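What follows is the residue order along each chain.
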Amino acid sequence: MQGKNISILRDLTVCQSVSEALTKQGLTFEYRILNLEIKEANRFISRMLKSSLGTPVLFLRKLRVIEGIPKSIESTYMVYEKVKGVEKEDLEHCSFYELIREKFGYVTQKSEEEILVVTPSPKDQECLMIRGTSYVEEGIPFEYFEIVAISDFYKFRSVSKQ
């Protein structure tokens, strides 16, 4: 599989998880959990989640591996009270958002994303950073996330209409 060009198309007009896009393309994927902890929200995270400073949050950082090739590192923060106990689940072999939907009933209604080109360390390849907030109810943030990916992994499409 080494050298295989694997990318996914993110349609900016559709709210779809990366796992759903990968499954539709028939690609195999897994996650490797790098960090999983409950910690207190700092000023930035509490502002992004519209929660109080010090609110317990679930912090999950995972490596996304597609067809055996590491492609991105994803970090997510959620108010722990909303997903209490999720840390006991097998998070390496399932879609995290499908698990959240099945176990807690949360379905992402809207996602706001910002796409940035980031300067990696000299030994790394060019990287793309995506950060954003997901909402399950209008105006109430459910998740703040950051994704750092190999620059050729994501392709974006936006359709404008007049």
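Residues numbered from 1 in each chain as written. Predicted model: local features only at pLDDT ≥ 70, side-chain atom pairs only at ≥ 80, totals over all residues. Heavy atoms only, no water.

Draft legend 1. Looking closely at the pattern of salt bridges. Following the criterion strictly, the structure yields 4 salt bridges and no others. One salt bridge in this structure joins E112 and K110, with 3.1 Å as the shortest N-O distance. For E112, a relative accessible area of 39% translates into the label partly exposed. With relative accessibility at 30%, the residue K110 sits in the partly exposed group. (Salt bridge = Lys/Arg side-chain N within 4 Å of Asp/Glu carboxyl O. Buried < 20%, exposed > 50% of the residue type's maximum accessible area, 1.4 Å probe, protein only.)

Draft legend 2. Spatial organisation of the packing of aromatic side chains. Scanning all chains against the criterion turns up 6 aromatic pairs. Summarising the aromatic geometry, the rings of F59 and Y77 are spaced 4.9 Å apart at their centres and angled 35 degrees between planes, so their arrangement reads as tilted. With F59 in strand β3 (residues 56–66) and Y77 in strand β4 (residues 69–79), the pair connects residues that are 18 residues apart, well separated along the chain. Accessibility classification places F59 together with Y77 in one group, the buried group. Ring centres of Y77 and Y144 lie 6.3 Å apart, and the angle between their planes is 35 degrees; on these two criteria the pair is classed as tilted. On the criterion of sequence distance, the pair formed by Y77 in strand β4 and Y144 in strand β7 (residues 140–150) is long-range, its members being 67 residues apart. The pair formed by Y77 and Y144 is uniform in burial state, with each residue classed as buried. Ring pairs connect the aromatic residues F44, F59, Y77 and Y144, which therefore count as one cluster. (Phe/Tyr/Trp six-rings, centres within 6.5 Å; stacked < 30°, edge-to-face > 60°. Helix = DSSP H or I, 4+ residues; strand = E, 2+ residues; numbered from the N terminus.)

Draft legend 3. Fine view of the nonpolar core. In terms of nonpolar packing, the biggest core is built from 12 residues, these being L58, L60, M78, Y80, V83, V86, L91, F96, L99, I100, V136 and F142. Of all elements in the fold, only β3 and α3 (96–104) reach the threshold of two or more residues within this core. Looking at this core element by element, the count peaks at 3 residues for α3. Residue contacts for L99: discarding those within four places in its chain leaves V86, E89, L91, C94 and F104. (Core = buried A, V, L, I, M, F, W, Y, C linked by side-chain atoms within 4.5 Å. Contact = heavy atoms within 4.5 Å.)

Draft legend 4. Examining the environment of Q109 more closely. With respect to the helices and strands, Q109 occurs in the loop between α3 and β5 (110–118). Take Q109: its relative accessible area is 55%, and that puts it in the exposed class. Distance in space between the C-alpha atoms of Q109 and E137 is 6.7 Å, their sequence separation being 28 residues.

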